[in-house]
Every structure is written in structure tokens, then in C-alpha cells.
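Examining the three-dimensional arrangement
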Amino acid sequence: MSKELTRSSIYQDTELEKAEHHDVQHSLLHSILVIMTCTIAMVVNTANLSSVSISLPTIERDLNVKEEQLQWLVSAYSLGSGCLLLFFGGLADIYGRKKAFMIGTLCQAAFSLAGGFAQNGSTLIILRAFQGIGAAATIPSSLGIMAHSFPPSRMRSIAFATFGAGAPVGGAFGMVIGGVLTQMSSTHWRSSFYLVAGMSALTGISGMISFDADVTSTEAVDWIGASLVTAGLVLIIFVLGQGQVASQGWKTPYIITLLIVGIIIVSLFLLWERYLERAMDDPLRTPSPWTPPPLMKLSLWTRAKGRMAAILVIAFLNSCAFVSWTFWVQLYYQNYLFLTPMQTMLRFIPMSIVGCLCSVLVAMFVGKLPLVIFAVSGTLLTATAAILFALIDPTATYWAFGFPSAVVVVFGADFVYSAGTIFIAKMAPPHERSVAGALFQTLTQLGGAVGLAVSTLVFNIVVENESADLGVTVNSAGTNAPLSAQLKGYRSAQWTCASFALMATLLAMISLRGIGIVGDRKVIRKVDSDETIIMQFESKDTHC
């Protein structure tokens, strides 16, 4: 019965793809415009984080933001985007990806512009959360749009490789432009918000012109599932951001309570989705508004004999390492070496250059090399970058530790993101592509939050212990910690980053060995591409 149901769902997906495409052939110029529009949306998403991060000291002085509020200028964006990715991914698959993309870019443009005029920290934090909501709509929509626009082919590999490069390139671009504008422009940190608003508006206009018209569905929305997963993730991400600055740290009663409640709500979401998926598989079921299609089928995690779950966990662990590395390196340069934002920015330039080169490598070789090569080499190089900073000598030249670390750290982010999204687009049926992309993006967002929380905990413990050994009691802001204690803390935080990346490497070596090549060298006919691909992986799994 399960085989028949699987083949039936594949047939329905193939028919949906026929209706969506009608074998429309896009010109090369049109294809390039679609790829660039989606990639710029990703660049804007990550630049929104890094441009504000490098401006934090200036924002703190300008708006008189309290120390405990400062991190929320970054965390609020992650909270807004990470909690709603699955929700907007589901809406995009049902009501139209182009609509969701346009709403997202409009939201980002409007609230970025408003952020540039904020007069106090609380207002800016709220606007940052609404910026994140815009990203939650644009990113999963972009993934679905590209999977729809390009059949399995070399062009699809190029599209996803370029899109994947947008994450590290956007992070480096945000660092560079944020440092320059903060130090050189008359409006300082506000200029970064104005720039993001302009880029978001132009991205929306480009999407309006280049994206195909939406093909909507009559399916009902899983509002219960959407409410559960959103509420649960809001609580978990809030706790991850607030745990270190609460009055008693992670021992604060409300932190413990909210974390437990958040985990319970997410568990209820998973149980609800399992119930809905079983109801959908029942051939005798009668349609009911109380049993809509699940927002996220739990079987999605088991695709390709569980390797879908493996690539999601690898992306999570790699994001723990990459985001934390960026955060601690930036603080090391500004708070330990006392470099200016401009000087810090210059040290991150290699990341953007190498990120572009990585996208070229993925596009060239993803159709020739197995996925395990990209996952293992990428995560291992990210671990190497963290180890270099864990061993850093502050008196050494930048070229000895900082430069090679900035060069290799981006390989993990780019290889895992690009090759991972290509694999997910290949394994997800047409009507689930935005949700699958949203799930991948949610795991990377959660990875960044978890990585920062854990590495911050390690940093604080080490600094407090080292300071106590020197007879110093660290104040709440940590400004009186001896430099030697701070250096030990930065090194320990980087060892934590390396541990995350090495765990991802080990998981990739164990779980992805037999997955083979995920890219395509030639175009597969649209009508049978999804059926062929999914059945091929089913066949592989039965022989593994």
C-alpha cells in the first residue's frame, strides 16, 4: 500500500509540474535575471545581520542602548525570520511563491527604511523583527521559484550554487559596507538601513518583472501546525538570545520555563503533523477543514533513506560554527585588538572573494563529484578556520592567522548550503519545494542561534574563571576583564566553533557516503524529471 501511495503522490506531483511549466523555455537573459534576483534576496538577508553587527558599538553610543538590549538588535532579526520560515514556505507553496516574495521584499524595504529613522533602541529592535519577517517570506519563496524555473540540469546547479554563495557573500558584503558607511558617511549606521531598503525595493521590482506568474492551489492551510511551530520557535529562539543576559543567566526561572514550554509546543507540532500525514495517506478519508495537508510532512526527513535528515543536521552544525566564528572574530578585532569598524571590515574582504569562487566551484563540479565530497571538505575547512583563531597569537601579523582563516571559513557555508539546497530541490516534490527550502533555512537559522548561545556560555565561563584566578571579579558588562582572560575566552569560543564543524564533518563522512552525485550535467525532460529522480533514489535506498 505504501508503495502505491508513494507512486500515486509522485504521479500527482508530475501532473502539477506539467501544469506549472507547460514546457516553457526561458531565454538565457531571463534565466540570469531570475538567478540574480533570488541571489540578491539572499545577499540582503545575510547583509541585514552582518551590517548591523559591525555597527553595534556605534548604535550603542548613538541611541544609548543598554548592554543587555544590544544583542537583540541582531537576535530580533533572527527571531522574526527563523520562526516564520516554515509558515511562509507553506503559504508560498499554496498561494504563490511570487506573491510571497513580493510581500517579503516590500516588508524588508519598508521596515529597513523605518529603521534608519529610529530614535531609540526599543523601536529599532521591533523594526528589526519585522525586517526578519520579510526575510522569512523571501528566502523559501526564492528556493521554490528557482526549483520551478529550472528543471534538473546544469543551469539548476548553477542557479543553486549562485544562490548559496549569496549567504557568505552577503555576510561579507554587510561587514564591508556596514564598516565603510558607519565610519565614513554622515548618517553613520543609519546609512546601512537606507542601503538595505533600496536593495530590497530593487529586488522586488526585478522579481515582479522576471518571475513567472503563480500557479495557486486550492488546498487548505494547516493553521494549527503553523501556529504551533511559530509559537514554539519564538520561545526557543528568544531563550537562546536572552539566556546569557537574564538576571541569573540560564538559571533564571523564566528562561527555564520558556525553554521547556517551547520544546513541548514544538513536540506537539511534530505529533500534529504526524497525525495529518497519516490522515492524508488514508484512502478512505473524507476531506475536512480539520485535516488539511500537513505544513511539513515528517516523512520529508526520511527521504533518501534518512539522508535528508542528515544534510539538515549537517547544515545546522555548520551554521553553528560559521555564524559563531564570524561573531567572535569581529569582537576579537574590535574589543581585543581595538580596531576600527573600517579596519575590521578590511579583514573580512577575503570572505566575499572566496565565496564567489566557491559558487563557481560548486557549479562546475556538483554534477561530477558526490555530495559527500562537498560536505566533508567544506565543514573540515570551516573547522580549520576556527582552529586557526583558537591558536592565534595576537602579536602575529594578520597574514599568519586572520587571512587564512577568513579564506577557508567560507567553504563550509557555501559548499553545504549550495550542494544541500540542490539535493533538497531534487528530493522534494513540486508542491513541497518552498517548505523543504524553508526547513533547510530554519535549521541554519537555529544553528546560528544555538552556536552563539553555546559559544557565549563557554566564553563567559572561561573569562570569569580566568579573571577570578587573577583576583578580578568581572562586572556585568565584562569591561573590566583582564586582556589575558579575554584572549583565553576568545580561544575557547573558537574551539567550540571547531567542535561544531568537526561534528558536521563526522556526520557527513558516516551518512552521505552512498548518496552519489546530486547535480545534473544535462537537462532532464520536465514531464518526467521529478518522477525519475525520486524513483531513482528509492531504488538506491532499497539496495543500500
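Note that this is a predicted model, so its numbers are computed, not measured.

Let us now look at the overall build of the chain. Across its full length, the chain holds 21 helices and zero strands. Looking at the chain as a whole, 57% of its 544 residues are labelled buried. A separation threshold of at least 6 residues defines the contact pool for the chain, and within that pool the share at least 24 residues apart is 83%. Accessible surface computed for the chain: about 21900 Å², of which carbon and sulfur atoms make up 68%.

Scanning the entire structure with this criterion turns up zero disulfides. Cysteine Cys320 shares no disulfide, and the gap to the nearest cysteine sulfur, in Cys497, comes to 9.1 Å. On the accessibility criterion, Cys320 (0% relative accessible area) is buried.

Moving on: the packing of helix 2 (residues 28-53) against helix 5 (residues 72-82). Between helix 2 and helix 5, the shortest axis-to-axis distance is 9 Å and the interhelical angle comes to 165°. Classified by the angle their axes make, helix 2 and helix 5 are roughly antiparallel. In the packing of helix 2 onto helix 5, the handedness of the crossing is left-handed. Between helix 2, through Val44, Asn45, Asn48, Leu49, Val52 and Ser53, and helix 5, the contact on the second element is made entirely by Leu73, Val74, Tyr77 and Ser78. Residue composition of the contact of helix 2 with helix 5, by class: six nonpolar, four polar and no charged.

Confidence along the chain averages 83 in pLDDT terms, with 88% of residues attaining 70 or more. Low pLDDT (under 50) marks residues 1-23, which in the prediction has 28 contacts with non-local residues, meaning those over four places away or in another chain. Counting contacts from residues 523-535, a segment whose pLDDT is below 50, to residues more than four positions away or on other chains yields 32 contacts.

So, on to the nonpolar core. In this structure, Phe423 and Leu512 are the most contacted members of the largest nonpolar core, which totals 103 residues. Of the residues forming this core, the biggest block, eleven residues, is contributed by helix 18 (residues 410-427). Listed in part, the 33 residues of the second largest apolar core include Met342, Met345, Ala413 and Cys497.

One non-glycine residue, Asn64, adopts positive backbone phi at about 55°. Of note in the backbone geometry, Phe338 takes a positive phi value of approximately 60° without being a glycine. With respect to the secondary-structure elements, Phe338 resides in the loop between helix 13 (307-336) and helix 14 (341-346).

A side chain of one charge can pair with a side chain of the opposite charge if their charged atoms are brought near each other. Under the criterion given, the structure shown has one salt bridge. Here Asp93 makes a salt bridge to Arg97, at a shortest N to O gap of 2.8 Å. Residue class for Arg97 comes out buried when judged on its relative accessible area of 8%.

Attention now goes to helix 8 (residues 121-149). Helix length check: helix 8 (29 residues) gives 41 Å between terminal C-alpha atoms against 42 Å at 1.5 Å per residue, within 8%. Taking burial as the measure, the 29 residues of helix 8 include 23 buried ones, the bulk of the element. The distance from a side-chain oxygen at the start of helix 8 to the backbone nitrogen of Ser122 is 3.3 Å, and the residue carrying that oxygen is Asn120.

For helix 15 (residues 349-365), built from 17 residues, the straight-helix expectation of 24 Å at 1.5 Å per residue is met to within 8% by its first-to-last C-alpha distance of 25 Å. Among the residues making up helix 15, those that are buried are Pro350, Met351, Ser352, Val354, Gly355, Cys358, Ser359, Val362 and Ala363. The inward-facing, buried residues of helix 15 contact helix 9 (154-184), helix 13, helix 14, helix 16 (371-390), helix 17 (402-408) and helix 18.

Considering all chains together, one arrives at 28 aromatic pairs under this definition. Aromatic side chains Phe411 and Phe415 sit 5.4 Å apart centroid to centroid with 90° between the ring planes, which places their arrangement in the edge-to-face category. Of this pair, Phe411 and Phe415 both sit in helix 18, separated by four residues, roughly a single helical turn. For the pair formed by Phe411 and Phe415, the shared burial category is buried.

Position of Ile256 among the secondary structure elements: in helix 12 (residues 253-281). On the accessibility criterion, Ile256 (39% relative accessible area) is partly exposed. Between the C-alpha atom of Ile256 and that of Val239, which follows or precedes it by 17 residues, the distance is 8.3 Å.

For the rest of this paragraph, the subject is a nonpolar patch on the surface. Where nonpolar side chains cluster on the molecular surface, the patch consists of Val360, Leu361, Met364, Phe365, Leu369 and Ile373 and spans about 440 Å² of accessible area. The element contributing the most residues to the nonpolar patch is helix 15, with four residues. Residue placement: Leu369 occurs in the loop between helix 15 and helix 16.

Now for the packing of helix 8 against helix 19 (residues 433-469). Two numbers describe a pair of packed helices, the interaxial angle and the distance between the axes. With their axes 8 Å apart at the nearest point, helix 8 and helix 19 run at an angle of 135° to one another. With respect to their mutual orientation, helix 8 and helix 19 come out oblique. For the pair helix 8 and helix 19, the sense of crossing is right-handed. Between helix 8, through Ile139, Pro140, Ser141, Leu143, Gly144, Ala147 and His148, and helix 19, the contact on the second element is made entirely by Arg433, Ser434, Gly437, Ala438 and Gln441. Its residues placed into classes, the contact of helix 8 with helix 19 shows five nonpolar, six polar and one charged.

Bringing the side chain of Gln441 into the picture now. By the element assignment, Gln441 lies in helix 19. The class of Gln441 is buried, set by a relative accessible area of 5%. Other than its neighbours up to four places away in sequence, Gln441 contacts Met42, Asn45, Leu85, Ile139 and Tyr417.

Analysis parameters
Residues numbered from 1 in each chain as written. Predicted model: local features only at pLDDT ≥ 70, side-chain atom pairs only at ≥ 80, totals over all residues. Heavy atoms only, no water. Helix = DSSP H or I, 4+ residues; strand = E, 2+ residues; numbered from the N terminus. Buried < 20%, exposed > 50% of the residue type's maximum accessible area, 1.4 Å probe, protein only. Contact = heavy atoms within 4.5 Å. Areas by Shrake-Rupley, 256 points an atom, 1.4 Å probe, with all protein chains shown as cover. Disulfide = S-S within 2.5 Å. Axes fitted to C-alpha atoms, helices over the stretch in contact; angles between N-to-C directions. Parallel < 35°, antiparallel > 145°, perpendicular 65-115°, else oblique. Left-handed = near helix turned anticlockwise from the far one by under 90°. Nonpolar A, V, L, I, M, F, W, Y, C, P; charged D, E, K, R; others polar. pLDDT = per-residue confidence, 0-100. Core = buried A, V, L, I, M, F, W, Y, C linked by side-chain atoms within 4.5 Å. Salt bridge = Lys/Arg side-chain N within 4 Å of Asp/Glu carboxyl O. Expected span 1.5 Å × (residues − 1). Polar contact = N/O pair within 3.5 Å; in protein donor to acceptor, adjacent residues only side chain to side chain. Phe/Tyr/Trp six-rings, centres within 6.5 Å; stacked < 30°, edge-to-face > 60°. Patch = residues over 30% accessible without salt bridge, like charges linked within 9 Å, V, L, I, M, F, W, Y side chains within 5 Å.

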